[in-house]
Amino acid sequence: MNSHRVRTARAAAAITAALALGLAAAPAHAADTPAGAPAALGTGDLAAARGATGAPAVLDQLGHFFARKGVPPTQRLGISAADEARAATAAAPRLTGDTVPVYTLSAGFVSGRAGAPVAEVEFTATTAVAADGQRASVWAARQDSGWRVVNIASGSDEGDYAAEAAADGGTAFREPQLDAWYELKDGRVLPLDDEASRSVGAHGSTVAAYQRLVQQRYGDKLPGSGYDAAGKAGGFATEATEATGSAGNAGSGTRTASAAPDRTAPLLTAGAALGLTVLTGAGLGLRRRRTARITY
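Definitions and cut-offs
- Residues numbered from 1 in each chain as written.
- Predicted model: local features only at pLDDT ≥ 70, side-chain atom pairs only at ≥ 80, totals over all residues.
- Heavy atoms only, no water.
- Pairing = 2+ DSSP bridges.
- Helix = DSSP H or I, 4+ residues; strand = E, 2+ residues; numbered from the N terminus.
- Contact = heavy atoms within 4.5 Å.
- Axes fitted to C-alpha atoms, helices over the stretch in contact; angles between N-to-C directions.
- Buried < 20%, exposed > 50% of the residue type's maximum accessible area, 1.4 Å probe, protein only.
- pLDDT = per-residue confidence, 0-100.
- Parallel < 35°, antiparallel > 145°, perpendicular 65-115°, else oblique.
- Nonpolar A, V, L, I, M, F, W, Y, C, P; charged D, E, K, R; others polar.
- 1 Å grid on protein atoms, 1.4 Å probe; cavity = no way out; pocket = protein on both sides within 12 Å on 5 of 7 lines; lining within 4 Å.
- Points joined across faces, edges and corners; volume = space filled by probe spheres on them.
- Core = buried A, V, L, I, M, F, W, Y, C linked by side-chain atoms within 4.5 Å.
- Arc of directions from axis to C-beta.

**Q** Could you clarify how one ought to interpret the sheet that holds strand β8 (residues 205-206) in this entry?
**A** Judged by pairing direction, the sheet is mixed, and its eight strands sit side by side in the order β4-β3-β2-β1-β5-β6-β7-β8 without closing on themselves. At either end of the open sheet lies a strand with only one pairing partner, and these are β4 (146-154) and β8. The sheet contact formed by strand β3 (residues 135-143) and β4 spans eight bridges and is antiparallel. Within β4, the residue paired with A140 across the bridge is V149. Helix α2 (residues 43-53) contacts β1 (94-105), β2 (119-129), β3 and β4 of the sheet and is inclined by roughly 125 degrees relative to β1. Contacts from helix α3 (residues 56-68) reach β1, β2, β3 and β4, with the element oriented near 145 degrees to β3.

Spelled out as structure tokens, the structure:
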């Protein structure tokens, strides 16, 4: 278990992503639907994602990301633009480690579709390191028949958990509604962080038991359900909306620092769920953990 783990904040256009999955609301019984293994991402795709991540424009934005040290571009740093530019250059960001596929709990697995994998590739992640030791995770997703960088987040959860699971012969995946990371190995779902331990116990569970668990959590919240029809399928709900009983930030693609995860959110899978701006020139969509999505 990684003691240095930084808790992540995930927000996306959840309704759109969920409807795109086209799943029935009623789950099947786990015993009747053996789960398939997660599909691997080809080496060509990983190489293309790595190439997009190492583009000069992305490295330049990584420099500014590190230079700001958590301060969103919408807020003043207290230093001049020239000083920020110098700090960005001094950050000298470099990519380290492998580019890894990031697997997310599959909606087909939750719905009970026969043979559906436990998790599916959502995006790739590559760890970047600054000269002062700061780390960030650069996400790339397939768009328009190519791979493009869609997000930068502080820390290196994605790469760290992928490496930890791979060293044990398993595959890491996340359950974004709980911000929990698991390892899938030999027909069992094992915890990689505290949230996952609280979810399946310190020793994990069988895949079938985990499927029953996530069906209980999300089976009545898939497309076509009453939860969906009521417009409650937002990715996150703020404290204010929870107090008034209103829906969360459905489809906003943003989350403020004071917002709390809606742990009954629908599944967020595939690139469409990211709801982020491609990192090209001035049209940047950067998000940091614990803060709102940042747009230049």
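Now that the structure has been shown, the text picks up again.
**Q** In this structure, what is going on with unusual backbone geometry? I would like to understand it.
**A** Residues other than glycine predominantly adopt negative phi, and peptide bonds predominantly adopt the trans conformation. Positive phi values are uncommon outside glycine, yet D144 reaches one of about 50 degrees. Relative to the helices and strands, D144 is located in the loop between β3 and β4. Accessibility expressed as a relative area gives 68% for D144, which makes it exposed. Phi is positive for D179, close to 55 degrees, though the residue is something other than glycine. By the element assignment, D179 lies in the loop between β5 (171-175) and β6 (180-185). The class for D179 is buried, based on a relative accessible area of 6%.

**Q** When you look at the confidence of the model for the protein chain in this model, what are you seeing that I'm missing?
**A** Do not read the fine detail of predicted coordinates wherever pLDDT is low. Averaged over all residues, the pLDDT of the protein chain is 73; the fraction at 70 or higher stands at 64%. Note that pLDDT drops below 50 for residues 1-33; the model gives that stretch 101 contacts with residues more than four away or on any other chain. Here residues 234-296 is a poorly scored stretch, pLDDT under 50, and it has 177 contacts once near neighbours within four places are set aside; other chains count.

**Q** Is there a simple way to explain the packing of α3 against helix α4 (residues 81-91) in this structure?
**A** A packed helix pair is summarised by two numbers, namely the angle formed by the two axes and the spacing between the axes. Running from N to C, α3 and α4 point in directions that differ by 110 degrees, and their axes come no closer than 7 Å. Taken together, α3 and α4 sit at an angle that is classed as roughly perpendicular. Where α3 abuts α4, its residues G63, H64, F66, A67 and R68 lie against E84, A85, A87, A88 and A91. Split into classes, the residues belonging to the contact of α3 with α4 amount to six nonpolar, two polar and two charged.

**Q** Would you explain the pairing of β1 in this entry?
**A** Consecutive side chains of a regular strand alternate in pointing toward one face of the sheet and then the other. Bridge analysis of β1 against β2 gives nine bridges, and the strand direction is antiparallel. Each residue of the ladder has a partner; that of P101, found in β2, is T124. Where β1 and β5 come together, two bridges link them in parallel fashion. When the bridges of β5 are listed, T104 appears paired with R174.

**Q** Which parts of the structure should I look at to understand the layout of surface pockets?
**A** Summary: where empty space remains is shown by rolling a probe the size of a single water molecule over the atoms. In this structure, the largest pocket occupies an estimated 330 Å³ of space. V100, G159, A162, A163 and A166 are the residues nearest the centre of the largest pocket, which is lined by 20 residues in total. For the lining of the largest pocket, the secondary-structure elements that each account for two or more residues are β1, α6 (157-167) and β5. With seven residues, the top contributor of residues to the lining of the largest pocket is β1. When the residues that make up the lining of the largest pocket are grouped by side-chain class, the tally is ten nonpolar, six polar and four charged.

**Q** Would you mind going over the pairing of β3 with me for this structure?
**A** Alignment of β2 against β3, held across six bridges, turns out to be antiparallel. Directly across from V129, in β3, lies its bridge partner R135. Between the antiparallel neighbours β2 and β3 lie five residues, among them G133 with a positive phi of about 100 degrees. Taking the residues that link successive antiparallel strands as the turn, the β3-β4 hairpin has two residues, and the phi of D144 there is positive, at about 50 degrees.

**Q** Help me understand the nonpolar core in this model?
**A** One recurring pattern in soluble globular proteins: nonpolar side chains tend to sit buried together. Formed by 18 residues in total, the largest nonpolar core has its most connected members in F173, Y182 and Y210. Among the elements of the structure, β1, α5 (107-111), β6, α7 (194-200) and α8 (207-218) are those that each provide at least two residues to this core. Take this core: its biggest share by element is four residues, from α8. Contact partners of Y182, with chain neighbours within four places excluded, come to T171, A172, F173, E175, V189, L190, L192, A196, S199, V200, Y210 and R217. The next biggest cluster of nonpolar side chains, apart from the first, holds 14 residues, and it includes V100, V102, A125 and V150.

**Q** For this particular structure, what's the right way to read α4?
**A** Every α-helix carries 3.6 residues per turn, so stepping three or four residues along brings you back to the same face. Every buried residue belonging to α4 is among E84, A88 and A91, and all of these are buried. Down the axis of α4, the buried side of the element spans an arc of 60 degrees, and every buried residue falls inside it. Facing away from the buried side of α4 by more than 90 degrees, the exposed set consists of R86, T89 and A90. Residue A92 follows α4 closely and has a positive phi angle near 45 degrees.

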